[in-house]
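Understanding the architecture of this molecule
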Amino acid sequence: MGEGEQDRRPMSACVMEEKKCFIANKLVLSVIVLGASGDLAKKKTFPALFTLFRKGFLPKNLKLIGYARSKLSNSDLHEKIKGYLKGDDKTKQEFLDRITYVQGQYDGDEGFQGLEKALQEREKDFQGAPLGRLFYLALPPSVYPQVCAGIKKNCTHMNSTGKGSWLRLVIEKPFGMDLKSSEDLANKLGELFPEEQLYRIDHYLGKELMQNMLVLRFANQFLSPTWHRNFISNVQICFKEPFGTEGRGGYFDEFGIIRDVMQNHLTQILALLAMEQPVTLSADDIRDEKVRLLRALSPVALDDTVLGQYTAAGDQPGYLDDETVPKGSKTPTFATCVMRIHNERWAGVPWIMKAGKALNERKVEIRVQYKPPAASIHGDVINEMRNELVLRLQPDEAIYMKIVVKKPGLEMESIVSELDLSYKQRYGDTYIPDAYERLILDAIRGDQQHFVRRDELRAAWAAFTPLLHAIDNGEAEPMQYPAGSRGPPASDILVAKAGFVKNANYIWKREDVPGDIS
Ligand SMILES: NC(=O)C1=CN([C@@H]2O[C@H](COP(=O)(O)OP(=O)(O)OC[C@H]3O[C@@H](n4cnc5c(N)ncnc54)[C@H](OP(=O)(O)O)[C@@H]3O)[C@@H](O)[C@H]2O)C=CC1
Ligand SMILES: O=C1O[C@H](COP(=O)(O)O)[C@@H](O)[C@H](O)[C@H]1O
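If you're wondering where the values come from, they're calculated on a predicted model, not measured in any experiment.

What follows is about the domain arrangement of the protein chain. Per the domain assignment, the segments of the protein chain are domain 1 (11-172) and domain 2 (208-497). Computed over C-alpha atoms only, the centres of domain 1 and domain 2 are separated by 34 Å. Contact residues are listed per partner, giving 21 residues for domain 1 and ten residues for domain 2. Here domain 1 packs against domain 2, burying approximately 1,400 Å² in sum over the two surfaces, 76% of which is carbon and sulfur. The interface formed by domain 1 and domain 2 holds zero salt bridges in total. At the surface where domain 1 touches domain 2, the tally comes to four residue pairs in polar contact (both at pLDDT 80 or more). Counting only elements with at least two residues in the side of domain 1 that touches domain 2, the list comes to helix 1 (11-16), helix 3 (39-54), strand 4 (131-137) and strand 5 (166-172). The leading source of residues in the side of domain 1 that touches domain 2 is helix 3, at seven residues. Class assignment for the residues of the side of domain 1 that touches domain 2 results in 15 nonpolar, two polar and four charged.

Written as structure tokens, this is what we have:
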């Protein structure tokens, strides 16, 4: 089935038209959530769909089908989901009324035939209308091949394929454990569906500041010329969570922090930050540039890596105290990796990734640290007063640039201050969509810009696989760090060795500046 014409207008255009892009069109949309009884479906997929429904972004003609192995009635499924929906009771009920449940296995044909029957029943009154079938796989990737085969064989017979009809599949990470397993999975899925029908979610691409990246980078003339090794000393991409595995240790232990967030989320951030300007904003032009950049990444070296695992501290249990974690596990819950990009723009600039669980705070930020002036007339102290562009993805989105200014007052003293764009302060109550809302809407619109293409995935795995294999083979052991700390001190040493200079004197919003000189 070919891809039809899609509404590709940006969300802002929809907002201007009172968000009615999809209400106005004739799309008959069915969203099939496979794994409907699971955690992801109830916590993320259905709530995101509900918000889109409540805000008027989904077509009037919408039906949702939950599919899973558990024996559930429609109302059992509604009860599972209900508590996670945010909105008034009437709208919640209207949404739930559109959800039916189909029980079936993930292998064999029978379940998928039942699903197809439900879809045919739903679509039969809309002969000639554009039909959309969005299959959302909220499932472990181990069953993707069999589920995709079941869908391909049994659920692609859309009878009334009006102009603009489509069928798409949204799939969730992890996409493999290393380069080979990821390629195996991609081959299996690629035999069933072409790339245009596969939407690989990396939910970080749906976050507001990630969506802002191409605008920030390529629409600001002051930034573009300095975005280069001549001016930038180092870049840090940092992910911190204040909680540990909390019973999810069984899952986490198989993967570790590098596979969990670095190879995917942080690498996507790196690609958008470091890539060249795409020829256009089309999904493939953007992804072509990301791939070019990712292919220029040198494989991460063990020497450029610090690993950690958290231990009990205060009332926080250690990683090994989680009963779902295998005894004596060496899986890293923290990692700092210095990455190198082998291209003309970035040669010699360390790209530092740092990620950890059970740390001192919740924070995801990018810190672009500039070089000091080449010939300072303000003394050596300027070396420590680096310009830094900080993009804070969460919590509380912010973009700020640290600049050196004269301290207000009679003395001639240099201090670091900031040009500050705090989203809350600047944009007030403007609604910032959840990443899943944005990405599901994109999938319905047929916009693959913020989904991971197969060759991106391959290049990202190629950069991490040698390191991951070395860790799996026991060539590096994690250092212990107390839960609630900033991670192993060796990480700061590695980061400093890579060239990051921490400005010890920067104080955010110091009360005594400007001072009272009366
Ligand atoms: N718009 C806004 O909301 C703004 C807020 N601020 C706030 O001001 C505060 C200071 O700002 P900022 O300079 O950006 O951030 P920090 O001073 O918190 O951190 C600067 C960098 O230094 C690292 N670091 C922190 N402690 C050490 C240490 N002991 N040794 C080595 N490295 C260290 C941090 O890494 P790590 O994260 O791993 O600790 C981070 O990469 C922050 O809380 C920030 O949120 C500032 C400007 C604008
Ligand atoms: O993919 C994952 O991301 C979450 C963090 O996502 P966020 O949107 O809350 O920042 C992380 O907790 C989880 O371990 C990982 O699998």
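What follows picks up the thread again.
Quick look at the sheet that holds strand 14 (residues 414-422) now. Taking strand neighbours across the sheet as the criterion, the nine strands line up as 14-13-12-11-7-10-9-8-15 in an open arrangement whose pairing is mixed. Each having just a single partner strand, strand 14 and strand 15 (479-482) make up the two edges of the open sheet. On average, each strand axis in the sheet is inclined to that of its neighbour by 20 degrees, with strand direction left out of account. Bridging between strand 7 (residues 232-240) and strand 11 (residues 363-370) involves eight bridges; their strand directions are antiparallel. In the sheet register, Q236 faces strand 11, and the bridge partner there is R367. Seen against the sheet, helix 11 (residues 249-274) touches strand 7, strand 8 (305-311), strand 9 (334-339), strand 10 (351-356), strand 11 and strand 12 (388-394) and runs at an angle of roughly 145 degrees to strand 10. The sheet strands contacting helix 16 (residues 489-497) are strand 7, strand 8, strand 9, strand 10 and strand 15, and the helix crosses strand 9 at an angle near 10 degrees.

Turning next to the packing of helix 11 against helix 12 (residues 283-295). The angle between the axes and the distance between the axes are what describe a pair of packed helices. At their nearest, the axes of helix 11 and helix 12 sit 9 Å apart, and the two run at 105 degrees to each other. By the angle between their axes, helix 11 is roughly perpendicular relative to helix 12. Contacts between helix 11 and helix 12 involve T267, Q268, L270, A271, L272 and A274 on the former and, on the latter, K290, L293 and L294. Residue composition of the contact of helix 11 with helix 12, grouped by class: six nonpolar, two polar and one charged.

So, on to the site of ligand 1. Neighbouring residues of ligand 1: 19 residues in total, closest K354, K363, Y400, K402 and R486. At 2.5 Å, a side-chain N or O of K354 approaches an oxygen atom of ligand 1. Contact distances for ligand 1 include 2.9 Å between an oxygen atom and a side-chain N or O atom of R367. Among the elements of the structure, strand 7, strand 11, strand 13 (398-406) and strand 14 are those that each provide at least two residues to the shell around ligand 1.

Once that is clear, we can look at the site of ligand 2. The environment of ligand 2 is formed by K173, H203, Y204, K207, F239, E241, R248, D260, H265, K357 and Q394. Y204 is positioned such that a nitrogen or oxygen atom in its side chain is 2.4 Å from an oxygen atom of ligand 2. Out of a free accessible area of 390 Å², ligand 2 has 79% covered by protein chains. By residue class, the composition of the shell around ligand 2 is two nonpolar, three polar and six charged.

How each quantity is defined
- Residues numbered from 1 in each chain as written.
- Chains lettered and ligands numbered in written order.
- Predicted model: local features only at pLDDT ≥ 70, side-chain atom pairs only at ≥ 80, totals over all residues.
- Heavy atoms only, no water.
- Domains from an automatic or database assignment.
- Contact = heavy atoms within 4.5 Å.
- Buried area = accessible area lost by both parts, 1.4 Å probe.
- Salt bridge = Lys/Arg side-chain N within 4 Å of Asp/Glu carboxyl O.
- Polar contact = N/O pair within 3.5 Å; in protein donor to acceptor, adjacent residues only side chain to side chain.
- Helix = DSSP H or I, 4+ residues; strand = E, 2+ residues; numbered from the N terminus.
- Nonpolar A, V, L, I, M, F, W, Y, C, P; charged D, E, K, R; others polar.
- Pairing = 2+ DSSP bridges.
- Axes fitted to C-alpha atoms, helices over the stretch in contact; angles between N-to-C directions.
- Parallel < 35°, antiparallel > 145°, perpendicular 65-115°, else oblique.
- Near = heavy atom within 4 Å.
- Areas by Shrake-Rupley, 256 points an atom, 1.4 Å probe, with all protein chains shown as cover.

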